[in-house]
Amino acid sequence: MTETIENLRDFNYYKLNTNKHVLVEYIWIDGTGERLRSKTKVYDTVIKSLEDIEWWTYDGSSTDQAITKFSEIYLKPVCMVRDPFRGDPHKFVLCETYKPDRKTPARFNFRWIAEKIMQEANECDPWFGIEQEYFMLKRTGTTHLWPLGWPIGGFPYPQGRYYCSIGERNNFGRALSEAHQRACLYAGLKLSGINSEVAPSQWEFQIGIAHGIEAGDHLWLARYILERLGEEFGIDINYDPKPIQGDWNGTGAHCNFSTNKTRENGGYEYIKEFILPLLEKNHQKMMLLYGLNNEARLTGKHETGQYNSFTWGDGSRGCSIRVPIITKELGKGYLEDRRPAANMDPYLVSSALVDATCLNAKNLINFIEQFAESLKQL
């Protein structure tokens, strides 16, 4: 069963007069901490930079970020890219969310934390590469979702034939993944690749090399583009860490990480003697920031380590941290943190990694408290 293209729309059927208007799509993280919302503002002026884009507001009581009596939430533009759906000169703008005083972050706005941490650790020059896995699901009936290409309510051949696969019997969803890659590159995002994953209808895209706050910004925008394309293909995008129980891989967001010291000669020894002990010391705290329901994925099976144990290995995919063989061969490079779940917030994960390895973990408790506060019901 291959993907069926449903609801495919030609957004350019009604031509836009680009000499008169610029459409700016404001994008933000809602009160789930995992989903995105957006709305359009029409400008009759040229948009050249973020400074040309105004703060805006929305109804936070309809996104689980405010109560009806005090529902206004402000949108602060923070990252602007090209709109791959409407084309130039139209824009996407990722926004932070703030309460009416314009100072207090709204629920699940953690970007301000990441920006603060990246500025404090600027001398470490942190680089990131995030491998975002996801499942493609199809709707059967009005509510039930099941992986694309799987027998309805049943299961396909066991894993082994689907990773980086080709062919109709092995590969489900390439059209959407390819469209996503092209749309992200058009937008100007640092997307560096795509591949089908171990489970059938499971895919991955990579963001990076990205510097500091850029990693979180580009990953959230790439997620937005993927969801928008899913609308056209009639495919739901799922980031649950373990969407299908049984002998099927879970879904992660491995985070490749380096600093100026790991990239220098002697970096491999620096990773072993300094970075890894710090990550082990802070393992339990960091796991609280690495995605909800992650314990269902990190079982020690299906290319994972154990949720409650810290392990590492050269080239190993069955542990918490993989140190790539190329890093060992060159004596410098990066490490791969395999613990983050697919539904993680990249602002929290990148902040936790930098704080634990560059800032003596002085902010980790605050991150955990901020996250726990956002999880509370309004």
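Cut-offs applied
- Residues numbered from 1 in each chain as written.
- Predicted model: local features only at pLDDT ≥ 70, side-chain atom pairs only at ≥ 80, totals over all residues.
- Heavy atoms only, no water.
- 1 Å grid on protein atoms, 1.4 Å probe; cavity = no way out; pocket = protein on both sides within 12 Å on 5 of 7 lines; lining within 4 Å.
- Points joined across faces, edges and corners; volume = space filled by probe spheres on them.
- Helix = DSSP H or I, 4+ residues; strand = E, 2+ residues; numbered from the N terminus.
- UniProt positions renumbered as here; feature names shortened; annotations may be inferred.
- Buried < 20%, exposed > 50% of the residue type's maximum accessible area, 1.4 Å probe, protein only.
- Pairing = 2+ DSSP bridges.
- Core = buried A, V, L, I, M, F, W, Y, C linked by side-chain atoms within 4.5 Å.
- Contact = heavy atoms within 4.5 Å.

Engineer: Explain the layout of surface pockets here, please?
Structural biologist: If a probe as big as a water molecule is rolled over the atoms, it shows which places are left empty. Counted as a void, the largest pocket has a volume near 420 Å³. Secondary-structure elements contributing two or more residues to the lining of the largest pocket are strand 4 (72-82) and helix 8 (364-375). Here the lining of the largest pocket takes three residues from helix 8, the largest share from any one element.

Engineer: Is there a simple way to think about the UniProt feature "domain: GS catalytic" (unreviewed entry) in the protein chain in this case?
Structural biologist: Annotation from UniProt places "domain: GS catalytic" (unreviewed entry) at residues 106-378. For the annotated span residues 106-378, helix accounts for 35% and strand for 19% of the residues, and the straight-line distance between the end C-alpha atoms is 12 Å.

Engineer: Even after reading the chapter, I still don't get the pairing of strand 6 (residues 127-140), so can you show me in this structure?
Structural biologist: A regular strand carries its side chains on alternate faces of the sheet. For strand 6, a buried count of eleven out of 14 residues is recorded, marking the element as mostly surrounded by other parts of the structure. The pairing of strand 6 with strand 9 (residues 202-211) spans nine bridges and is antiparallel. Within strand 9, the residue paired with Gln132 across the bridge is Phe205. For strand 6 and strand 10 (residues 236-238), the ladder comprises three bridges, and the chain directions are antiparallel. The residue of strand 10 that forms the bridge with Leu137 is Asp236. Direction of pairing for strand 6 relative to strand 7 (residues 144-147): antiparallel, over a ladder of four bridges.

Engineer: Whenever I open this one, the nonpolar core confuses me. Can you help?
Structural biologist: In globular proteins that are soluble, nonpolar side chains generally tend to be buried together. Counting 79 residues, the largest nonpolar core has Ile225, Leu279, Leu289 and Leu353 as the members making the most contacts within it. Apart from the residues lying within four places of it in its own chain, the contact partners of Leu289 are Leu348, Val349, Ala352, Leu364, Phe367, Ile368 and Phe371. In this structure, Val22, Tyr43, Ile73 and Val93 belong to the second largest nonpolar core, which totals 15 residues.

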